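This is what each chain is made of:
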Amino acid sequence: MISIYHNPRCSKSRQTLQILEDNGISPEVILYLETPPDKATLLDLLDKLAISPRQLLRKSEADYKENNLKDTALSDAQLIDFMVKYPKLIERPIVINGDKAALGRPPESVLEIL
């Protein structure tokens, strides 16, 4: 089963979903702002993406600036805690296919894991 952490208000997220559908895939759509991932899920996503928590942060979000998340002294665990508390901070979309995941930035990058 293929899943997508999706924000319908995001053009990249909509484009990524369209790419999946154009390839005959009807993914499980997870509206992560309505159903935020918990800490364990975020750790699993980061492992599948093979990136650090800092690489998954949306640096343009107000929550990023207001919480001074650019501070390099913050640990990975602290950054994950902020993403759990403020799911808008999570870069999107994320597509999961089994033990693989990809960020839809650019949207075509998800084709690598299909």
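Description of the structure in this document.

About the criteria used
Residues numbered from 1 in each chain as written. Predicted model: local features only at pLDDT ≥ 70, side-chain atom pairs only at ≥ 80, totals over all residues. Heavy atoms only, no water. Helix = DSSP H or I, 4+ residues; strand = E, 2+ residues; numbered from the N terminus. Rg over C-alpha atoms; globule rule 2.2 N^0.38 Å. Buried < 20%, exposed > 50% of the residue type's maximum accessible area, 1.4 Å probe, protein only. Contact = heavy atoms within 4.5 Å. Polar contact = N/O pair within 3.5 Å; in protein donor to acceptor, adjacent residues only side chain to side chain. Core = buried A, V, L, I, M, F, W, Y, C linked by side-chain atoms within 4.5 Å. Expected span 1.5 Å × (residues − 1). Arc of directions from axis to C-beta. Phe/Tyr/Trp six-rings, centres within 6.5 Å; stacked < 30°, edge-to-face > 60°. Pairing = 2+ DSSP bridges. Axes fitted to C-alpha atoms, helices over the stretch in contact; angles between N-to-C directions.

Focus on the overall build of the protein chain
The number of helices and strands found in the protein chain is four helices and four strands. Scaling as 2.2 N^0.38, a compact globule of 114 residues should have a C-alpha radius of gyration of about 13 Å, and the protein chain matches this with 14 Å. By principal-axis analysis of the C-alpha atoms, the protein chain measures approximately 45 × 25 × 25 Å. Sorting the 114 residues of the protein chain into buried and exposed places 44% on the buried side. The long-range fraction of contacts in the protein chain, counting pairs at least 24 apart against all pairs at least 6 apart in sequence, stands at 62%.

Some remarks on the side chain of R58
Mapped onto the secondary structure, R58 falls in the loop between α2 (39-49) and α3 (62-66). A polar contact of 2.8 Å, which involves the side chain of R58, links it to the side chain of E91. Among residues more than four places away in sequence, those in contact with R58 are Y64, K88, L89, I90, E91, R92 and R105.

Overview of the nonpolar core
Soluble globular proteins: nonpolar side chains tend toward being buried together. Among the nonpolar cores identified, the biggest contains 20 residues, and L56, M83 and I94 are the most heavily contacted of them. Those elements that place two or more of their residues in this core are α2, α4 (76-85) and β3 (94-97). If you tally residues by element for this core, the top one is α2, at four residues. With 10 residues, the next largest nonpolar core counts I2, L20, I25 and A102 among its residues.

Considering helix α1 (residues 11-22)
For α1, spanning 12 residues, the distance from its first C-alpha to its last is 16 Å, which sits close to the expected 16 Å at 1.5 Å a residue. Taken together, the buried positions of α1 are S13, T16, L17, I19 and L20. One side of α1 holds all its buried residues, which, seen down the axis, span an arc of 155°. Looking at the buried side of α1, the elements it contacts are β1 (2-6), β2 (28-31) and β3.

Some thoughts on the packing of aromatic side chains
Evaluated as defined, the whole model comprises one aromatic pair. When the ring of F82 is compared with that of Y86, the centres are 6.3 Å apart and the planes differ by 15°; the resulting orientation is stacked. A residue is classified by how much of its surface remains accessible, and Y86, at 21% relative accessible area, is partly exposed.

Examining the sheet that holds β2
The pairing of strands in a sheet happens through backbone hydrogen bonds and is either parallel or antiparallel. On the basis of which strands lie adjacent, the open sheet formed by four strands has the order β2-β1-β3-β4 and mixed pairing. Each having just a single partner strand, β2 and β4 (100-103) make up the two edges of the open sheet. The sheet shows a mean angle of 20° between the axes of neighbouring strands, taken without regard to direction. Two strands pair when backbone bridges link them, and β1 and β3 are joined in this way by four bridges, in the antiparallel orientation. The partner of I4 across the bridge, within β3, is V95. Together, β1, β2 and β3 form the strand contacts of α1, whose direction differs from that of β1 by roughly 165°.

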